[in-house]
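A structural walkthrough
What follows is the residue order along each chain.
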Amino acid sequence: GLLDQVKPLLQPSTDKALLHGGLIVLHEIVSWKGYDDDQLTQHIFSTFCPQLLHIAQAVLPTAADSDQTAFILKNVLKTVYKCVSYKYNEFVLGEQTCVPWITVITQTIQLPISERLQASTRDMEEEEKAELPIFKAKKWALHCQIRIFQRHGCPDGSSFQPQTGPWSFSKFYMANLVQPV
């Protein structure tokens, strides 16, 4: 099916145009089909969330200097946002995967803006700057961080808590999520 066709495109070593296309298709699949069938949702998450993490970790070191990798990072984070928006996703927020995802999210937010980019955007309006791939990646990282906190980080226990695993997100992972920006 379509998922089998998308999977080979989602390799960091894949041609960047194919990788970008695969990310767009995956985002549409998650947006369209990811929440009406629990079995399909689990299959999508278990298959693609580890790949998305691998891609994000691979492109993060060059995202501040490359529009192409910043755009890929933005698309990964946009899809992750969808993955954590509605249901608890153990493949992003589970005990084994939460710290790597939180690390990617906070490192994206904290990415320095290269001197080259600062020089080239000096005369740009704020609206124009917001359209640049690095700022879009940072925006989606912030969206992810906010959504994760809203859904799982409320220390008074009034927010939705994971139904699997004997751990409390708010106590165990908040130190990794809330960092100075």
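Here, the structure is the one placed above.
These numbers were taken from a predicted model, which means no experiment stands behind them. (Residues numbered from 1 in each chain as written. Predicted model: local features only at pLDDT ≥ 70, side-chain atom pairs only at ≥ 80, totals over all residues. Heavy atoms only, no water.)

1. Structural notes on the packing of helix α3 (residues 38-59) against helix α6 (residues 98-109)
Interhelical geometry of α3 versus α6 gives an angle of 40 degrees and a closest axis separation of 10 Å. Classed by the angle they form, the pair α3 and α6 counts as oblique. The two elements α3 and α6 meet at a crossing, and its hand is left-handed. In this structure, α3 uses Cys49, Leu52, Leu53, Ala56 and Gln57 to contact α6, whose residues at the interface are Pro100, Trp101 and Val104. Of the residues belonging to the contact of α3 with α6, the class tally is seven nonpolar, one polar and no charged. (Axes fitted to C-alpha atoms, helices over the stretch in contact; angles between N-to-C directions. Helix = DSSP H or I, 4+ residues; strand = E, 2+ residues; numbered from the N terminus. Parallel < 35°, antiparallel > 145°, perpendicular 65-115°, else oblique. Left-handed = near helix turned anticlockwise from the far one by under 90°. Contact = heavy atoms within 4.5 Å. Nonpolar A, V, L, I, M, F, W, Y, C, P; charged D, E, K, R; others polar.)

2. Brief notes about the pattern of salt bridges
Applying the stated criterion across every chain yields a total of two salt bridges. Note that glutamate 126 and lysine 129 form a salt bridge whose closest N and O atoms lie 3.7 Å from each other. Of this pair, glutamate 126 and lysine 129 both sit in helix α8 (residues 126-130), three residues apart, which is roughly one turn of that helix. Judged by its relative accessible area of 56%, glutamate 126 falls in the exposed class. Lysine 136 serves as the salt-bridge partner of glutamate 131, at 3.2 Å between the closest nitrogen and oxygen. A relative accessible area of 22% means that lysine 136 is categorised as partly exposed. (Salt bridge = Lys/Arg side-chain N within 4 Å of Asp/Glu carboxyl O. Buried < 20%, exposed > 50% of the residue type's maximum accessible area, 1.4 Å probe, protein only.)

3. Some points on the packing of aromatic side chains
In total, this model carries one aromatic pair according to the counting rule given. Both rings, one in tyrosine 81 and one in tryptophan 140, keep their centres 5.5 Å apart while their planes meet at 65 degrees; by these two values the pair is edge-to-face. With tyrosine 81 in helix α4 (residues 67-85) and tryptophan 140 in helix α9 (residues 133-152), the pair connects residues that are 59 residues apart, well separated along the chain. Neither residue differs from the other here; tyrosine 81 and tryptophan 140 are each classed as buried. (Phe/Tyr/Trp six-rings, centres within 6.5 Å; stacked < 30°, edge-to-face > 60°.)

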